[in-house]
Amino acid sequence: MAIKVLRLAANVSATVFLMLAGSGLQSCLVDTDHRCGLHQRLQDGQCACEAGYGLTGNACFECAANEVGSLDGCACAPGFGRTDPSQPCMSTASLGQACDADPDCADPTDSFCASDSPRGYCTHADCSSSAECSNDYSCNTRNVPSFCERPPTGAGNPCQSDADCSGFEAAYCEVVLAHACLKSGCKPDPNVCPGDWVCCDIPLIGESLCLPPGRLSDGQCPGGGSLVGAN
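*Asks:* For this particular structure, what's the right way to read the environment of Gly81?
*Replies:* On the secondary structure map, Gly81 appears in strand E7 (residues 80–81). Judged by its relative accessible area of 5%, Gly81 falls in the buried class. Distance from Gly81 to Asn66, taken between C-alpha atoms, is 8.7 Å for residues 15 residues apart in sequence.

And the structure:
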């Protein structure tokens, strides 16, 4: 009788061991190199879209010809633009062309030379909303005349540190919320944000950032931040 009990205990122990071993084996089969979704990659502990894909909601969708991925879906690549989101991105050779005065801008659509440093750039004037602008430019109605203002250089580029944003106007690498190069330090003067972009003061990261309106949720800044009013 004692021998049967010992054998039974041994069999139970072996079964439990195999169950635990099987459970451990399954947990070891998790592929840490493929934790993200389709067309995504792991970047600084967060999932980001692969090159050529734009983020819409929580999914990454392939961009069309002459488009590049961004945090707000797919946008026209430099040198291309559109005024209607339903249309493909077309060449806008004169948009953004360097200039010193209006006569340098030969294209009648982009005949305004917006001042900038070290040189200005050709763009569309007398806009009433950003819907009239192309190539991610946005309407600056604070200026007279109003004009389609270009976004900060490097804005939206994926990054892991400020070194990845070096040399751009968007020189701050935001690694908590967006994991992208953004223009920072707008709290003292929100008017440094281009066009209809807004300035969000975000205590979570201890920084104020220029963000396009599409980055707001129901008019609220991300990360519990607050809007800084522009004049």
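*Asks:* Just to check I follow, could you spell out the pairing of strand E16 (residues 198–202) for this structure?
*Replies:* On a regular strand, one side chain projects to one face of the sheet and the next to the other, so that they alternate. Counting buried residues along E16, 4 of its 5 residues qualify, which places the element largely inside the surrounding structure. As judged from the 5 bridges shared by E16 and strand E17 (residues 207–211), these two strands associate in the antiparallel manner. Opposite Cys200, over in E17, you have Leu209 as the bridge partner. For E16 and strand E18 (residues 226–228), the ladder comprises 3 bridges, and the chain directions are antiparallel. Looking at E18, one finds that Cys199 is bridged to Val228.

*Asks:* Honestly, unusual backbone geometry in this entry has me stumped. Any pointers?
*Replies:* Note on backbone geometry: most residues besides glycine have negative phi, and most peptide bonds are trans. Here the bond from Ser117 into Pro118 is cis, since omega is 0°, no more than 30 degrees from zero. Inspection of the secondary structure assignment puts Pro118 in the loop between strand E10 (112–114) and strand E11 (120–123). The linkage connecting Val144 with the following residue, Pro145, adopts the cis geometry, with an omega of 0°. Here Pro145 lies in the loop between strand E12 (138–140) and strand E13 (147–149). For His39, which is not a glycine, the phi torsion comes out positive at approximately 65°. Inspection of the secondary structure puts His39 in the loop between helix H1 (2–28) and strand E1 (40–43). The class for His39 is partly exposed, based on a relative accessible area of 27%.

What counts as what
Residues numbered from 1 in each chain as written. Predicted model: local features only at pLDDT ≥ 70, side-chain atom pairs only at ≥ 80, totals over all residues. Heavy atoms only, no water. Helix = DSSP H or I, 4+ residues; strand = E, 2+ residues; numbered from the N terminus. Buried < 20%, exposed > 50% of the residue type's maximum accessible area, 1.4 Å probe, protein only. Pairing = 2+ DSSP bridges.

That's the geometry; what it means functionally is another story.
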